[in-house]
Amino acid sequence: MTRKTGYRRALGQGMTEYIIIVALIAMAAIGVYNLFGQSVRQQSGGIAQELSAKKAAGEIQGAQTAAKRDSGEATAKKGMGDYSVNK
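This section reports on the structure supplied with the text. (Residues numbered from 1 in each chain as written. Predicted model: local features only at pLDDT ≥ 70, side-chain atom pairs only at ≥ 80, totals over all residues. Heavy atoms only, no water.)

Focus: the overall build of the protein chain
Line of reasoning, step 1. A count of helical and extended segments in the protein chain gives two helices and zero strands.
Line of reasoning, step 2. The buried share among the 87 residues of the protein chain stands at 9%.
Line of reasoning, step 3. For the protein chain, the accessible surface area stands at approximately 7,400 Å², while carbon and sulfur atoms represent 63% of it. (Helix = DSSP H or I, 4+ residues; strand = E, 2+ residues; numbered from the N terminus. Buried < 20%, exposed > 50% of the residue type's maximum accessible area, 1.4 Å probe, protein only. Areas by Shrake-Rupley, 256 points an atom, 1.4 Å probe, with all protein chains shown as cover.)

Structural data, given as C-alpha cells:
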C-alpha cells in the first residue's frame, strides 16, 4: 500500500464518520420536531401575526396548550407500540 492510497482511505473514513454524525443529528432533530412540532408551529404563527400588526392571542394560547401537552408527553413512558402508524 502506498502513502497516497493510505491517505485516501483515511480521508474516506473521516468523511464517512462525518456523514454518520450528521445523519444522527438529523434524526434527533426530526424526533424533537415531531415531539414539539405543534408548539413550534403555533409560536411561529404567533410571531408572524404579531409582525404583521395583528393580534396573536389565539396562536399564543394554542402554543401554551401545545407546550403543556408536549411536556406531558415528554415525561410519559412510552413503548414502541405507542408510535404505530395506524394511530
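Quick look at a nonpolar patch on the surface
Line of reasoning, step 1. A cluster of nonpolar side chains, Met15, Tyr18, Ile19 and Val22, forms an exposed patch at the surface whose accessible area comes to about 420 Å².
Line of reasoning, step 2. With respect to the helices and strands, Ile19 occurs in helix H1 (residues 3–51).
Line of reasoning, step 3. With relative accessibility at 51%, the residue Ile19 sits in the exposed group. (Patch = residues over 30% accessible without salt bridge, like charges linked within 9 Å, V, L, I, M, F, W, Y side chains within 5 Å. Salt bridge = Lys/Arg side-chain N within 4 Å of Asp/Glu carboxyl O.)

A short note on the environment of Thr65
Line of reasoning, step 1. Examined against the element boundaries, Thr65 turns out to sit in helix H2 (residues 57–75).
Line of reasoning, step 2. In sequence terms Thr65 and Gln38 are 27 residues apart; their C-alpha atoms lie 9.6 Å from each other.

These figures capture arrangement, not role.
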